[in-house]
Amino acid sequence: MIRSEINKKIKKAGAAAALLSVEMVIIITLFFVSLYAFIYMVRRVFYLQNNSFDQYIFDHLGNHVSDFNNQVMLFFSYIGGHYFLIPANLSLIVYFLFVRKHKWFSIKVPAIALSSLALMFLLKHFFGRARPLIPLLAEARGLSFPSGHALNAVTFYGLLIYLIWKTVPNPYLKWTLAIFLITIILMIGFSRIYLRVHYTSDVLAGFSMGLIWLVLSLILLKRIEVYSSRELDPTVEGRK
């Protein structure tokens, strides 16, 4: 009897696990890895006050500074900043509103952009970490932890990856674009370390929190979308 019940539970668990796609497993894994990484960075920087790794990276990168590298890193820093991301987000909204005419994609773009921006300022104010004392080229304003460029790069370009995954049918093109955008995210974070306006721990924390927030936002917005289609849309249609 007991063995039979155990077998039933095992079969149910197996069936439930089978329902999870490979993509979902990857997303869940990345979410918890990111959560652990963020907690680890907070503990290391603010509780243990161990900045040896940050200083080691600065010392190592100092051997690779050149005019060419400076220009490359300034470019990647620019496409991760608000001067680029604000018009980029607005362009995406216009595209999904008037070209693709996908209402929920046009809602997800500003919702994630604005909420991640608010989250960034909240976390910076909470942790209050000062920026590196000697920037490479120009001093950056504001606080350091977590990196806003890293956080916003993940939420914006990560959202692009999500949209591509949902709209591009060609698997080779889909993977090519995803790898390209992941490379951009990594280079944006690296550029902030190279320019010495963020510590490595700032950037890793920004990447981690950006991925956490992107996953949570997409899940919440998807639930709202499903609820709207099931409950609200039929009601609206019935009143017409």
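Up top you'll find the structure we're talking about.
I will try to describe carefully the structure that is included in this document. The structure presented is a predicted model; accordingly, all values stated were derived computationally and were not measured.

## Quick word on helix α6 (residues 103–127)
Across its 25 residues, α6 extends 37 Å between first and last C-alpha, which sits within 8% of the 36 Å expected from 1.5 Å per residue. Of the positions making up α6, those classed as buried are W104, F105, S106, K108, V109, I112, S116, L119, M120, L123, K124 and F127. Just past α6, the residue G128 takes up positive phi, approximately 60°.

## Structural notes on the packing of helix α3 (residues 52–61) against helix α8 (residues 171–194)
The contact between α3 and α8 brings their axes to 10 Å, and the two run at 85°. The orientation of α3 with respect to α8, classified from their angle, is roughly perpendicular. When α3 is examined against α8, the residues I57, F58 and L61 are found in contact with a partner set consisting of F190, I193 and Y194. Among the residues forming the contact of α3 with α8, the class breakdown is 6 nonpolar, no polar and no charged.

## Regarding the packing of aromatic side chains
One pass over the full model with this rule turns up 14 aromatic pairs. Here the aromatic rings of F75 and F76 are separated by 5.3 Å at their centres, their planes lie at 70°, and the arrangement is edge-to-face. Between W165 and W175, the aromatic rings sit 5.0 Å apart at their centres with planes inclined by 85°, giving edge-to-face as the arrangement. One end of the pair, W165, is in helix α7 (residues 148–167); the other, W175, is in helix α8, and 10 residues separate them in sequence.

## Description of unusual backbone geometry
The amide bond that connects F145 to the next residue, P146, takes the cis arrangement and shows omega of -5°. Among the structural elements, P146 can be located in the loop between α6 and α7. Even without a glycine there, the phi angle at Q49 is positive, about 55°. Among the secondary structure elements, Q49 is positioned in the loop between α2 (22–47) and α3. For Q49, a relative accessible area of 61% corresponds to the exposed category. Of note, R196 is a non-glycine position whose phi angle comes to about 60°, a positive value. Looking at R196, the relative accessible area reads 23%, which means it is partly exposed.

## A look at the environment of H82
Mapped onto the elements of the fold, H82 is located in helix α5 (residues 82–99). On the basis of relative accessibility, which here comes to 47%, the residue H82 falls in the partly exposed class. As a C-alpha pair, H82 and G148 span 66 residues in sequence and 9.6 Å in three-dimensional space.

## Description of the packing of α7 against α8
For the pair α7 and α8, the least separation of the axes is 9 Å and the interaxial angle reads 175°. One finds that α7 runs roughly antiparallel with respect to α8. Where α7 approaches α8, its residues H149, A153, V154, Y157, G158, L160, I161, I164 and W165 are matched on the opposing element by K174, W175, L177, A178, L181, I182, I184, I185, I188 and R192.

Parameters and conventions
- Residues numbered from 1 in each chain as written.
- Predicted model: local features only at pLDDT ≥ 70, side-chain atom pairs only at ≥ 80, totals over all residues.
- Heavy atoms only, no water.
- Helix = DSSP H or I, 4+ residues; strand = E, 2+ residues; numbered from the N terminus.
- Expected span 1.5 Å × (residues − 1).
- Buried < 20%, exposed > 50% of the residue type's maximum accessible area, 1.4 Å probe, protein only.
- Axes fitted to C-alpha atoms, helices over the stretch in contact; angles between N-to-C directions.
- Parallel < 35°, antiparallel > 145°, perpendicular 65-115°, else oblique.
- Contact = heavy atoms within 4.5 Å.
- Nonpolar A, V, L, I, M, F, W, Y, C, P; charged D, E, K, R; others polar.
- Phe/Tyr/Trp six-rings, centres within 6.5 Å; stacked < 30°, edge-to-face > 60°.

Shape descriptors only; they carry no functional weight alone.
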